[in-house]
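# Structural description and commentary
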Amino acid sequence: MKNSRQKQILQLIAEYEITTQEDLIEKLRESGFTVTQATISRDIKQLKLIKIAGENDTYKYAVSGEGIVTVNAKYTNILMETVTEVDYAGNLIVVKTFNGMAMAAGAAIDAMKWNGVLGCIAGDDTIFIAMRSEAFAKEISDRIITLISAG
């Protein structure tokens, strides 16, 4: 039971922005697991979950360790400093950057693991982002525009 519950926790935090233990308890209950706050607290400790910067100035649970993005602020800064223009058509987003900066911005977008992003292709000053749908393209375009407008 414990192993399947912890496996489900890892799946849930990968799929959703789980910001509190209460959110996690609710998602687990929706998945058929009856848990207490004390159990969740132990699971979080055993799984070595950490809180990382999420969207809208919130923090969400993530797995600690190598390869896990725990520095979203660094990637956000890269986008704020390099992106000059963003637009989308269908399920593709075109991002314009300063000369020589597209690869860094593309790598930052990939590392942020935004929902709906299939992948990026970067040249010298242009990035093409393939999205799962036009709705995701609009959402991510708006998100990037908001980021670069804040900077």
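What this report covers is the structure whose coordinates are included nearby. (Residues numbered from 1 in each chain as written. Predicted model: local features only at pLDDT ≥ 70, side-chain atom pairs only at ≥ 80, totals over all residues. Heavy atoms only, no water.)

Moving on to the overall build of the protein chain. On a plain count of helices and strands, the protein chain comes out with six helices and six strands. Projected onto its principal axes, the C-alpha positions of the protein chain cover 50 × 30 × 25 Å. Pairs at least 24 residues apart make up 50% of the contacts formed inside the protein chain by residues separated by at least 6 positions. Accessible surface for the protein chain amounts to roughly 8,900 Å². Of this, 52% is attributable to carbon and sulfur atoms. Taking the average location of the 16 positive side-chain charges in the protein chain and that of its 19 negative ones, the two points are 12 Å from each other. (Helix = DSSP H or I, 4+ residues; strand = E, 2+ residues; numbered from the N terminus. Contact = heavy atoms within 4.5 Å. Areas by Shrake-Rupley, 256 points an atom, 1.4 Å probe, with all protein chains shown as cover. Lys, Arg positive; Asp, Glu negative; His and termini not counted. Charge placed at Lys NZ, Arg CZ, Asp CG, Glu CD.)

Turning our attention to the sheet that holds strand S3 (residues 83–89). The strand order across the open sheet formed by four strands is S3-S4-S6-S5, and the pairing between neighbours is antiparallel. Only two strands of the sheet have a single neighbouring strand rather than two, namely S3 and strand S5 (117–122). Within the sheet, the average angular offset between the axes of one strand and its neighbour, ignoring direction, is 20°. Where S5 meets strand S6 (residues 126–131), five bridges bridge the pair, whose relative direction is antiparallel. (Pairing = 2+ DSSP bridges. Axes fitted to C-alpha atoms, helices over the stretch in contact; angles between N-to-C directions.)

Turning our eyes to something else, we now look at helix H3 (residues 37–46). Within H3, burial applies to Thr39, Ile40, Asp43 and Ile44. Summarising the axial view, the buried residues of H3 lie within an arc of 135°, below the 170-degree limit, and thus occupy one face. Residues of H3 that are buried in the fold lie against helix H1 (2–15), helix H2 (21–30), strand S1 (49–53) and strand S2 (59–63). In the stretch just after H3, Lys48 is the one whose phi turns positive, near 55°. (Buried < 20%, exposed > 50% of the residue type's maximum accessible area, 1.4 Å probe, protein only. Arc of directions from axis to C-beta.)

This part covers the packing of H1 against H2. Following both chains from N to C, one finds H1 and H2 inclined at 115°, their axes separated by 10 Å at the closest point. Judged by the inter-axis angle, H1 sits roughly perpendicular to H2. For the pair H1 and H2, the crossing hand works out as right-handed. Taken together, the residues of H2 that come into contact with H1 (itself represented by Arg5, Gln8, Ile9 and Leu12) are Leu24, Lys27 and Leu28. Broken down by class, the residue content of the contact of H1 with H2 amounts to four nonpolar, one polar and two charged. (Parallel < 35°, antiparallel > 145°, perpendicular 65-115°, else oblique. Left-handed = near helix turned anticlockwise from the far one by under 90°. Nonpolar A, V, L, I, M, F, W, Y, C, P; charged D, E, K, R; others polar.)

Of note, Lys48 is a non-glycine position whose phi angle comes to about 55°, a positive value. For Lys48, the location among the structural elements is in the loop between H3 and S1. Lys48 gets classed as exposed once you look at its relative accessible area, which sits at 56%. Even without being a glycine, Lys113 presents a positive backbone phi close to 50°.

In this section: the side chain of Thr126. Mapped onto the elements, Thr126 comes out in strand S6. A polar side-chain atom of Thr126 sits 3.0 Å from a polar atom in the side chain of Lys96. At a separation of 3.1 Å, a polar atom in the side chain of Thr126 contacts the side chain of Asp125. Those residues in contact with Thr126 that sit more than four places away from it in its chain are Val94, Val95, Lys96, Thr97, Ala102 and Ile121. (Polar contact = N/O pair within 3.5 Å; in protein donor to acceptor, adjacent residues only side chain to side chain.)

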